[in-house]
Amino acid sequence: MKNNYFSIALLFIILIVSISKNVYASNVISVTDGYIRASIPGSDVTAAYMTINNAGDIAMTLEKVIGTLSDRIEIHEHSMTHGMMTMRQVDNVTIDAKSKVVLQPSGLHLMIFSLKQKITEKELVTITLYFSNNTKINIQLPVYR
Ligand SMILES: [Cu+2]
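Predicted model, so just to flag it, every value in this text is computed and none were measured. (Residues numbered from 1 in each chain as written. Predicted model: local features only at pLDDT ≥ 70, side-chain atom pairs only at ≥ 80, totals over all residues.)

**Things to note about the overall build of the protein chain**
What the protein chain contains, in helices and strands, is 1 helix and 11 strands. Of the regular secondary structure in the protein chain, the N- to C-terminal order runs α-β-β-β-β-β-β-β-β-β-β-β. When contacts within the protein chain are restricted to residue pairs at least 6 apart in sequence, long-range pairs at least 24 apart make up 64% of them. (Helix = DSSP H or I, 4+ residues; strand = E, 2+ residues; numbered from the N terminus. Contact = placed C-beta atoms within 7 Å.)

Here is the structure:
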């Protein structure tokens, strides 16, 4: 009986961890902690962030991102130039073998232009990440303010 309670508790812990970590995985690539910013009224641009993990033995490159919310999703990088925060588009992002890359505010991010609809909280936005070696992964991003 005691064992049963333990199993149920463990199941709940696993459930909570998997929900909060928001894990999406292919054979070697997994994406955790992804989210997209709610769009601001009057603006049709937003950004998305996530951690991309590469469990494989070779480097993987994120080459493009596609979603129904926009026809223009770019990989961007923030950097300091002459003491000013600027951002520029980058062609791709390489995740070394057995490594990870974090897309986060003030760093690498996905920039989403020309939104076809408002992005509001309490919805999930699906996008597809395309990597080298014919690897692609569908992920769902919760919307945060
Ligand atoms: Cu940007």
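**A closer look at the environment of Asn 54**
Within the secondary structure layout, Asn 54 lies in strand E3 (residues 46–54). The class for Asn 54 is buried, based on 23 C-beta atoms found within 10 Å. For the pair Asn 54 and Val 31, spaced 23 residues apart in the sequence, the C-alpha separation amounts to 9.0 Å. Not counting the four nearest positions on each side in its chain, Asn 54 is found in contact with Val 28, Ile 29, Met 60, Ile 95, Asp 96, Ala 97, Lys 98, Ser 99 and Lys 100. (Buried ≥ 20, exposed ≤ 12 C-beta atoms within 10 Å, placed from the backbone.)

**Structural notes on the pairing of strand E6 (residues 84–90)**
The buried fraction of E6 is low, at 0 of 7 residues. Bridge count between strand E5 (residues 72–81) and E6: 7 bridges; the pairing is antiparallel. Bridged to Glu 77 within E6 is Arg 88. (Pairing = 2+ DSSP bridges.)

**Focus on the nonpolar core**
The biggest cluster of nonpolar side chains holds 21 residues, and the ones touching the most others in it are Val 31, Ala 48, Ile 52, Val 125, Ile 127, Leu 129 and Leu 141. Contributions of two or more residues to this core are made by strand E2 (29–37), E3, strand E4 (60–67), strand E9 (108–113), strand E10 (124–131) and strand E11 (135–144). Looking at this core element by element, the count peaks at 4 residues for E10. Among residues more than four places away in sequence, those in contact with Val 31 are Tyr 24, Met 50, Thr 51, Ile 52, Leu 129, Ile 137 and Ile 139. (Core = buried A, V, L, I, M, F, W, Y, C linked by C-beta atoms within 7 Å.)

**A few points about unusual backbone geometry**
In this model, Lys 98 sits at a positive phi of 50 degrees, which is unusual for a non-glycine residue. Topologically, Lys 98 is positioned in the loop between strand E7 (93–95) and strand E8 (99–103). For Lys 98, a count of 13 C-beta atoms within 10 Å gives the class partly exposed. A positive phi angle, close to 60 degrees, is found at Asn 133, a residue other than glycine. Checked against the element boundaries, Asn 133 lands in the loop between E10 and E11.

**Thoughts on the environment of Lys 136**
Tracing the sequence through the fold places Lys 136 in strand E11. Taking the number of C-beta atoms within 10 Å as the measure of exposure, Lys 136 has 13 and is therefore partly exposed. The contacts of Lys 136, once residues within four sequence positions are left out, are Thr 128, Leu 129, Tyr 130 and Phe 131.

**Quick look at the environment of Ile 75**
Turning to its location among the elements, Ile 75 is positioned in strand E5. A C-alpha to C-alpha distance of 8.5 Å links Ile 75 and Arg 88, two positions 13 residues apart in sequence. Residues contacting Ile 75, with those up to four places away along its chain left out, are Leu 62, Gln 89, Val 90, Asn 92, Val 93 and Leu 110.

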